[in-house]
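Take a look at the letters that make up each chain.
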Amino acid sequence: MDNILNTLEKILEERKSSSEDKSYVSSLYSKGVNSILEKVSEESEEVIQAVKEEGRDEVIHEVADLWFHIMVLLRHEDISIEEIELELARRFGVSGHEEKASRKK
Ligand SMILES: N=c1c2ncn([C@@H]3O[C@H](COP(=O)(O)OP(=O)(O)OP(=O)(O)O)[C@@H](O)[C@H]3O)c2ncn1[C@@H]1O[C@H](COP(=O)(O)O)[C@@H](O)[C@H]1O
């Protein structure tokens, strides 16, 4: 079964070709990459503020907003979640035991 991020990724891809007037994602795509980047920046600020001044629930809420807008940005740029996962996996490989083992050689 797909996880929630993969399901959301599919919906975000579908929104590229949908003409749903009420779709927030479609309207964001049509405004262009600068508007998406503005939302990412805004949501990042809200995460920082939530950690510094608000409670745990608010942090969860704001991080969900940030992840969502990052997902919209990735779809806009035709970058898949899988590509990010592969990059993280690659780092996990080099920064974990393998790196320590290679240093010993
Ligand atoms: N996960 C989300 C999601 N998270 C946040 N948002 C929207 O992101 C917008 C901006 O969030 P803000 O924190 O700025 O909140 P705000 O102050 O109320 O909004 P603004 O006045 O700043 O626009 C809000 O309108 C939220 O509704 C989302 N909109 C959609 N989704 C998912 O995307 C799918 C497609 O959405 P539509 O394209 O709208 O059908 C949906 O099925 C959902 O699963």
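Throughout what follows, the structure given in this document is the object of discussion. Quantities reported herein were computed from a predicted structural model and do not represent experimental measurements.

## Digging into the site of the ligand
As a matter of local geometry, the ligand sits amid 13 residues, with Arg15, Ser23, Tyr24, Val25 and Lys39 nearest to it. Interatomic distance of 2.4 Å between a side-chain N/O atom of Ser23 and an oxygen atom of the ligand. A distance of 2.7 Å separates an oxygen atom of the ligand from a polar atom in the side chain of Lys39. Contact with the protein chains hides 50% of the accessible area of the ligand, taken as 820 Å² for the molecule alone. Of all the secondary structure elements, the ones that give two or more residues to the shell around the ligand are helix 1 (4–14), helix 2 (24–31), helix 3 (33–53) and helix 4 (56–76). Of all the elements, helix 3 adds the most residues to the shell around the ligand, at 4 residues. Residue composition of the shell around the ligand, grouped by class: 5 nonpolar, 2 polar and 6 charged.

Rules used in this analysis
Residues numbered from 1 in each chain as written. Predicted model: local features only at pLDDT ≥ 70, side-chain atom pairs only at ≥ 80, totals over all residues. Heavy atoms only, no water. Near = heavy atom within 4 Å. Polar contact = N/O pair within 3.5 Å; in protein donor to acceptor, adjacent residues only side chain to side chain. Areas by Shrake-Rupley, 256 points an atom, 1.4 Å probe, with all protein chains shown as cover. Helix = DSSP H or I, 4+ residues; strand = E, 2+ residues; numbered from the N terminus. Nonpolar A, V, L, I, M, F, W, Y, C, P; charged D, E, K, R; others polar.

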